[in-house]
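Residues per chain are reported as follows:
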Amino acid sequence: MRIIFSRKGFDSAAGGGPSPIVGGRPISLPIPDTKGFAPATYGERGLGDLVGAASRGRLSHDDLCHDDPMFLPGGRCVFGQCGGAQTHLDRQGVCTGDVFLFFGWFAGEGQGDHHRIFGYLRIEEIVRLEAADTPTRKRFAAMGHPHAFGFHHANCSDTLYVGSGATAAHASEALRLTRDGASRTHWRVPEWLREVGLSYHGAAKRWPSPDHLISVAQGQEFVADIGDRSDAHRWLAAILAEINRS
């Protein structure tokens, strides 16, 4: 089994600022649409005021947003990936049963800039859109998923991951990755993560101590193959329980 730490939402390049914490809840702001495929604006997603503040006025209600990962009613989630990031997922052997933990850059309500986990997706279905038939494409287009409306990379590698998923209702300490008093790339992690390894983080300099990871500044998908390791499975179960806590 694999855990994929998946960086999503606003960043310094896409959006320009951190996603907000509002009423104690982290709200991950989707990145702006750059392909002209997205079917919805920030305003239509109810995020117009928040995106205007987070982007310092560069984005508004009328701008198209790349709403991905897309969390749907009934505890469902659809996430699309393509290009080099998708190639990395394939090379790491990501498959059904694996779990994406979505994290991003947040700030607000007395919490400084930090990375935190805000949602998850447990993979039940993987759809390669280049090979998908018309009814399948229409199914995801009806959901409004941006990858269903056109390829986002020249190699047509757009892939959808579908399964159960949810976003966190609380900006709790348990879901915070950044260490107290540190810059946001300095993470507090379980010691088993250093032992099993995390893709793109093999260099010794990234691990000042067994529970301290300095995450890379770029990259979207970081994969840890935890196999049947019990301490890792217990940690994951606790994280999912915290995300699902009402």
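Everything below is about the structure printed above this text.
Here is what the cut-offs are and how they apply
Residues numbered from 1 in each chain as written. Predicted model: local features only at pLDDT ≥ 70, side-chain atom pairs only at ≥ 80, totals over all residues. Heavy atoms only, no water. Helix = DSSP H or I, 4+ residues; strand = E, 2+ residues; numbered from the N terminus. Buried < 20%, exposed > 50% of the residue type's maximum accessible area, 1.4 Å probe, protein only. Lys, Arg positive; Asp, Glu negative; His and termini not counted. Salt bridge = Lys/Arg side-chain N within 4 Å of Asp/Glu carboxyl O. Contact = heavy atoms within 4.5 Å. Core = buried A, V, L, I, M, F, W, Y, C linked by side-chain atoms within 4.5 Å. Expected span 1.5 Å × (residues − 1). Arc of directions from axis to C-beta. Polar contact = N/O pair within 3.5 Å; in protein donor to acceptor, adjacent residues only side chain to side chain. Pairing = 2+ DSSP bridges.

Engineer: Got a sec to walk through the side chain of Arg-206? Specific residues and values, please.
Structural biologist: Inspection of the secondary structure puts Arg-206 in the loop between helix H4 (191-196) and strand S12 (212-214). Asp-211 provides the closest opposite charge to the buried, salt-bridge-free Arg-206, at an N-O distance of 15 Å. In this structure Arg-206 touches Tyr-200, His-201, His-212, Leu-213, Ile-214, Ser-215 and Val-216, once residues within four positions along its chain are discounted.

Engineer: Explain the pattern of salt bridges to me, and be specific about the residues and the numbers.
Structural biologist: Overall, the coordinates contain 13 salt bridges when judged by the stated rule. Residue Glu-173 is joined to Arg-188 by a salt bridge in which the shortest nitrogen-to-oxygen separation is 3.4 Å. Taken together, the residues Glu-173 in the loop between strand S10 (159-167) and strand S11 (186-188) and Arg-188 in strand S11 connect sequence positions 15 residues apart. Its salt-bridge partner being Glu-242, residue Arg-245 comes within 2.8 Å of it at the nearest N-O pair. A residue is classified by how much of its surface remains accessible, and Arg-245, at 37% relative accessible area, is partly exposed.

Engineer: If you had to explain the nonpolar core to someone new, which residues and values would you point to?
Structural biologist: General note: in soluble globular proteins, nonpolar side chains tend to be found buried as a group. Ranked by size, the top nonpolar core spans 28 residues in total, and within it Ile-3, Phe-5, Leu-101, Ile-117, Leu-193, Trp-235 and Ile-243 carry the most contacts. Elements with a minimum of two residues in this core: strand S1 (2-7), strand S8 (99-108), strand S9 (111-128), H4, strand S13 (221-225) and helix H5 (230-244). By residue number, the principal contributor to this core is H5, which donates six residues. Once you skip the residues sitting within four places of it in the chain, Ile-117 turns out to touch Leu-101, Phe-102, Phe-103, Leu-175, Leu-177, Trp-235, Ile-239 and Ile-243. Among the nonpolar cores identified, the runner-up in size contains 15 residues, and Cys-77, Val-94, Leu-121 and Ile-123 belong to it.

Engineer: How would you summarise H5 if you had to cite specific residues and measurements?
Structural biologist: An ideal rise of 1.5 Å per residue puts 21 Å on 15 residues; H5 measures up with 21 Å between its terminal C-alpha atoms. Buried within H5 we find Ala-232, Trp-235, Leu-236, Ile-239, Leu-240, Glu-242 and Ile-243. One face of H5 carries all of its buried residues, which in axial projection span an arc of 160°. Of the surrounding secondary structure, the elements contacted by the buried residues of H5 are S1, S8, S9, S10 and H4.

Engineer: Account for the side chain of Ser-19, naming residues and giving values.
Structural biologist: With respect to the element layout, Ser-19 can be found in strand S2 (residues 19-22). Within the structure, Ser-19 has its side chain in polar contact with the backbone nitrogen of Leu-29 (distance 2.9 Å). Setting aside its immediate chain neighbours within four residues, Ser-19 contacts Phe-10, Ile-27, Ser-28, Leu-29, Trp-105, Phe-106 and Ala-107.

Engineer: Requested: an account of the pairing of S2, with residues and values cited.
Structural biologist: Sheet analysis places S2 next to S8, joined by two bridges and oriented parallel. In the sheet register, Ser-19 faces S8, and the bridge partner there is Phe-106. Here two bridges tie S2 to strand S3 (residues 25-26), and the two strands are oriented antiparallel to one another. When the sheet's bridge partners are listed, Val-22 is paired in S3 with Arg-25. A loop of two residues connects S2 with S3, the two strands running antiparallel in sequence, and Gly-23 in this loop sits at a positive phi of about 60°.

Engineer: Requested: an account of the pairing of strand S7 (residues 76-81), with residues and values cited.
Structural biologist: Of all six residues making up S7, five are buried, and the element is well covered by its neighbours. Relative to S7, strand S6 (residues 70-72) runs antiparallel, the two sharing three bridges. Within the sheet, the bridge partner assigned to Met-70 lies in S7 and is Val-78. Between the antiparallel neighbours S6 and S7 lie three residues, among them Gly-74 with a positive phi of about 80°. As paired strands, S7 and S10 are joined by six bridges and run antiparallel to one another.

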